[in-house]
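Each chain, written out:
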There are 2 protein chains.
Amino acid sequence: MISEKMKPLVNNNSAIRAMFEEGNQLKAIYGADKVYDFSLGNPNVPAPAEVKQAIIDILNEEESTMVHGYMSNAGFEDVRETIAQSLNRRFQTNFSAHNLIMTVGAASGLNVALKTILNPGEEVITFAPYFVEYGAYVSNYDGKLVVISPNTETFQPNLTEFETKITAKTRAVIINTPHNPTGVIYSEETLRKLAAILEKKQKEFGSVIFLISDEPYRELAYDGAVVPYVTKYYKNTIVGYSYSKSLSLPGERIGYLIIPDELEDSENVINAAAIATRVSGAVNAPSLMQRVIMRCVDAQTDVSYYERNRNALYQGMTDAGFTCIKPQGAFYLFVKSPVENEKEFCEAAKKYNILMVPGSSFACPGYVRLAYCVSYETIINSLPYFKKLGADYGL
Amino acid sequence: MISEKMKPLVNNNSAIRAMFEEGNQLKAIYGADKVYDFSLGNPNVPAPAEVKQAIIDILNEEESTMVHGYMSNAGFEDVRETIAQSLNRRFQTNFSAHNLIMTVGAASGLNVALKTILNPGEEVITFAPYFVEYGAYVSNYDGKLVVISPNTETFQPNLTEFETKITAKTRAVIINTPHNPTGVIYSEETLRKLAAILEKKQKEFGSVIFLISDEPYRELAYDGAVVPYVTKYYKNTIVGYSYSKSLSLPGERIGYLIIPDELEDSENVINAAAIATRVSGAVNAPSLMQRVIMRCVDAQTDVSYYERNRNALYQGMTDAGFTCIKPQGAFYLFVKSPVENEKEFCEAAKKYNILMVPGSSFACPGYVRLAYCVSYETIINSLPYFKKLGADYGL
């Protein structure tokens with residue numbers, strides 16, 4: 001009874017669900033504190049206190065029919081203007097409310113962007129390792145996802161291969177920085193080179209290629225690392241943002257798209273994106289949370305919490321003999337599996353109650369992802385077991 | 001730069017936007033209280049007090065990481081179970097959490113249902129007049145919307161024509177009760193006949209035809225009218241519900257799908273619908289609002305407010321000589337235009353600062369829709385102008 005398009009998604013989902021259920025089983029048997037579950041990217045830092053206060057103030061100060069009511073499909077104008085001004089202050093950009101579409105999180109934002117610009121059969125390029133849902137999003141609009149193989153030295157994008165894979169059918173490129181699952185931040189140099197390739201190929205094919213920058217981890221950068229603002233490097237950039245991680249609101253589904261004036265045919269693209277938000281069924285981003293963002297536009301999650309976790313896990317894993325690059329941002333550590341088949345490695349880790357996600361799930365076999373948005377204690381307590389696990393593989 | 005599929009939607013949208021902007025212009029010139037804007041279905045009754053209290057209680061009593069966090073794509077299990085039990089109490093159904101998928105409003109619910117079951121080229125039937133967005137939703141999955149012409153005597157569905165339009169390609173039928181734009185409630189007799197036709201045609205074609213019941217207006221029924229629960233009449237029914245109108249939360253995007261155990265292949269359909277919710281980009285229904293529904297499952301909007309409006313507007317319009325059936329539910333009055341071209345009639349009404357939506361927007365020309373989710377004063381103050389408008393047409 002399931003549509004043909006949903007069938008592979010249903011089949012593929014079973015494996016993820018099996019892992020999730022296995023984790024719950026382990027916790028039931030051994031107790032949650034004896035299971036080292038690094039599988040999920042669900043922030044464990046609570047939303048900043050400003051969020052709670054903002055909600056209460058809104059309920060006391062603003063009209064119910066406005067707070068919970070319909071607004072323009074693009075979102076409340078004052079909310080969008082406030083975010084635009086905040087971005088302009090922080091990144092010396094030049095946005096106004098007009099350039100923002102409030103979305104049901106970044107996932108919905110990417111879907112709105114793709115629905116707006118993508119025709120069946122057109123190609124969307126992304127760089128392995130990548131968030132596996134990109135494939136489903138592109139397939140929603142009958143596009144074809146083209147995957148560039150990983151540069152496992154630096155996990156910066158493999159631009160040499162990228163250049164060869166751009167065709168007349170390439171409609172968009174999706175990047176993700178700071179990056180899930182490697183924690184890499186795309187450097188200014190990377191973005192300049194990437195933009196130069198896109199400019200060249202646009203000329204060569206007489207086409208427009210959109211660069212979609214998926215940025216839910218923008219605020220999670222460590223050691224003072226700068227996350228360059230992508231619209232400054234390439235004019236046909238659409239930014240997808242989410243407050244899921246920056247304000248620990250993943251369940252609330254609140255984010256936005258930036259569509260700059262410099263983008264080709266921007267007036268029409270902005271207009272169509274608002275309509276795409278509506279007809280996709282979202283209609284608009286959740287209204288109360290939009291009002292919350294207006295009051296919390298400069299609030300921040302406790303980045304130092306994740307940074308302490310990163311330091312402890314990176315140190316512990318390298319001490320145990322594992323190979324990994326030190327994440328500059330996000331909350332993931334991407335570790336080289338000591339054996340080629342990393343699924344076997346993930347299985348072996350379960351005997352120490354350690355749960356990790358195989359790199360195959362990110363089109364990058366031979367690696368595993370550890371999500372360190374867990375308690376510090378979980379990390380500290382897991383390290384002796386990682387040491388044993390490493391020893392089992394002769395590390 | 002817009003995808004081919006979005007282009008007609010963008011073009012079509014301009015007319016609606018023009019009307020919206022014209023309304024704002026009139027209000028700027030004459031003052032909001034001198035403009036009788038019956039064009040929008042945005043509830044003007046505030047959310048019940050229980051909603052505000054529930055939000056504050058949740059923020060004080062529940063964990064931030066849970067309230068604002070990810071949960072199963074289908075929604076929080078305790079929320080779904082609470083809704084199921086409430087439905088069982090009210091409608092003698094037999095649902096459990098398992099049968100519910102929390103959705104980003106009813107619009108998203110319909111999209112999830114269609115994404116789950118519809119293949120390109122398959123047909124979805126609906127009855128004119130109908131909510132125009134159904135066309136966009138069906139086209140999202142490359143289906144074909146087949147429209148049954150209206151029965152303008154009763155505005156119950158035209159079942160004779162319906163039976164002739166069902167083919168081997170018919171995958172689903174969308175009904176909406178209480179009905180936008182007529183206020184009709186589909187009677188038990190209608191549902192029995194409709195179900196009998198579907199059963200017969202399923203046998204004839206060896207197919208499964210899903211009945212999707214779009215029910216955002218379920219709680220808005222007047223004079224003690226009963227809104228039959230559709231799953232009891234036809235086993236392959238999927239219900240789409242929203243709290244937009246029942247709790248005046250249209251901007252919050254919170255609703256659910258019911259997929260009963262009796263539905264063909266229900267286990268797979270339920271599973272696929274949860275995945276469809278995720279990959280469509282919604283991921284899950286907004287989390288805080290889910291928790292609110294759990295605490296407000298038996299809260300109600302002030303139906304008497306809308307009923308008073310209905311009575312005043314229906315009486316006033318019939319007194320002014322217009323022809324319309326008395327709405328049993330929802331908050332719309334569907335009025336016969338005194339001239340065949342109802343767009344001309346809508347234009348003429350603007351000279352009295354009256355804004356109405358042409359029936360053509362619901363595939364039912366010759367009629368106009370008045371949304372009476374406005375203040376009582378707006379209705380009372382508009383009636384002398386409707387009288388003049390009627391007189392202009394010799395009523």
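Residues numbered from 1 in each chain as written. Chains lettered and ligands numbered in written order. Predicted model: local features only at pLDDT ≥ 70, side-chain atom pairs only at ≥ 80, totals over all residues. Heavy atoms only, no water.

## So, the packing of helix α11 (residues 303–319) of chain B against helix α13 (residues 376–392) of chain B
The packing of two helices is summarised by the inter-axis angle and the distance between the axes.
All names here are of chain B.
So, step 1. Contact geometry for α11 and α13: axes closest at 9 Å, N-to-C directions at 5 degrees. In terms of orientation, α11 lies roughly parallel with respect to α13. Here Y305, R308, N309, A312, L313, G316, M317 and D319 of α11 come into contact with α13, specifically with Y376, I379, I380, L383, F386 and K387.
So, step 2. Here the contact of α11 with α13 is composed, by residue class, of 9 nonpolar, 2 polar and 3 charged. (Axes fitted to C-alpha atoms, helices over the stretch in contact; angles between N-to-C directions. Helix = DSSP H or I, 4+ residues; strand = E, 2+ residues; numbered from the N terminus. Parallel < 35°, antiparallel > 145°, perpendicular 65-115°, else oblique. Contact = heavy atoms within 4.5 Å. Nonpolar A, V, L, I, M, F, W, Y, C, P; charged D, E, K, R; others polar.)

## Re the side chain of D214 of chain A
All names here are of chain A.
So, step 1. Examined against the element boundaries, D214 turns out to sit in strand β6 (residues 210–214).
So, step 2. Buried charged residue D214 carries no salt bridge. Nearest counter-charge: K245, at 8.6 Å.
So, step 3. Within polar-contact distance, the side chain of D214 engages the side chain of Y134 at 2.6 Å.
So, step 4. In contact with D214, other than residues within four places in its own chain, are A106, L110, Y134, I175, N176, T177 and G240. (Buried < 20%, exposed > 50% of the residue type's maximum accessible area, 1.4 Å probe, protein only. Lys, Arg positive; Asp, Glu negative; His and termini not counted. Salt bridge = Lys/Arg side-chain N within 4 Å of Asp/Glu carboxyl O. Polar contact = N/O pair within 3.5 Å; in protein donor to acceptor, adjacent residues only side chain to side chain.)

## Things to note about the domain arrangement of chain A
Residue and element names in this part refer to chain A.
So, step 1. Per the domain assignment, the segments making up chain A are domain 1 (7–46 + 301–392) and domain 2 (49–295).
So, step 2. On the side of domain 2, 32 residues touch domain 1, which itself brings 27 residues to the contact.
So, step 3. When domain 1 packs against domain 2, close to 2400 Å² is buried across both sides, 62% of that on carbon and sulfur atoms.
So, step 4. When the area that domain 1 buries against domain 2 is broken down by residue, the three leading residues are I325, Q328 and F362, summing to 24%.
So, step 5. Where domain 1 packs against domain 2, one counts 1 salt bridge. (Domains from an automatic or database assignment. Buried area = accessible area lost by both parts, 1.4 Å probe.)

## Notes on the UniProt feature "domain: Aminotransferase class I/classII large" (unreviewed entry) in chain A
So, step 1. Feature annotation in UniProt assigns "domain: Aminotransferase class I/classII large" (unreviewed entry) to the following positions: residues 34–377 of chain A.
So, step 2. Between the end C-alpha atoms of residues 34–377 of chain A there is a gap of 11 Å, over a span that is 37% helix and 15% strand. (UniProt positions renumbered as here; feature names shortened; annotations may be inferred.)

## Brief notes about the relation of the copies chain B and chain A
So, step 1. Least-squares fitting of chain B to chain A yields an RMSD of 0.0 Å, with the transformation described by 0.0 Å of translation along the axis and a rotation of 180 degrees. The symmetry that links the two subunits is that of a two-fold axis.
So, step 2. Counting the interface residues of chain B, we find that 100% of their copies in chain A are interface residues as well, pointing to one common contact surface. (Least-squares fit on C-alpha atoms with pLDDT ≥ 70 in both.)

## So, helix α11 (residues 303–319) of chain A
Residue and element names in this part refer to chain A.
So, step 1. The terminal C-alpha atoms of α11 lie 24 Å apart, and with 17 residues this matches the ideal 24 Å at 1.5 Å per residue to within 8%.
So, step 2. Of all the positions in α11, only V303, Y306, N309, R310, A312, L313, Y314, G316 and M317 are classed as buried.
So, step 3. Its buried side turned inward, α11 meets β9 (332–336), β12 (367–371) and α13 (376–392).
So, step 4. Within two residues after α11, G321 carries a phi angle of roughly 95 degrees, on the positive side. (Expected span 1.5 Å × (residues − 1).)

## So, the pattern of salt bridges
All names here are of chain B.
So, step 1. Under the counting rule described, the total for this entry stands at 48 salt bridges over all chains.
So, step 2. With a shortest N-O distance of 3.0 Å, E61 and R295 are connected by a salt bridge. Remark: R295 occurs in helix α10 (residues 287–295) and E61 occurs in helix α2 (residues 49–61); sequence separation between them is 234 residues.
So, step 3. Overall, the relative accessible area of 35% leaves R295 in the partly exposed class.

## A few points about the interface of chain B and chain A
So, step 1. Counting residues at the interface gives 73 residues for chain B and 73 residues for chain A.
So, step 2. Summing both sides of the interface, chain B and chain A together bury roughly 5600 Å²; the carbon and sulfur share of this comes to 56%.
So, step 3. In terms of surface lost to chain A, no three residues of chain B exceed M1, H68 and Y70 of chain B, which account for 14% of the buried area on that side.
So, step 4. Our count for the contact surface shared by chain B and chain A stands at 2 salt bridges.
So, step 5. One salt bridge in this structure joins E133 of chain A and R278 of chain B, with 3.1 Å as the shortest N-O distance.
So, step 6. Summed over the shared surface of chain B and chain A, the result is 42 residue pairs in polar contact (both at pLDDT 80 or more).
So, step 7. Looking at the side of chain B that touches chain A, the elements with two or more residues in it are α1 (7–30), α2, α3 (64–67), α5 (105–117), α6 (133–140), α9 (266–279) and α10 of chain B.
So, step 8. Top contributing element to the side of chain B that touches chain A by residue count: α9 of chain B, with 8 residues.
So, step 9. Counted by class, the side of chain B that touches chain A contains 36 nonpolar, 24 polar and 13 charged residues.

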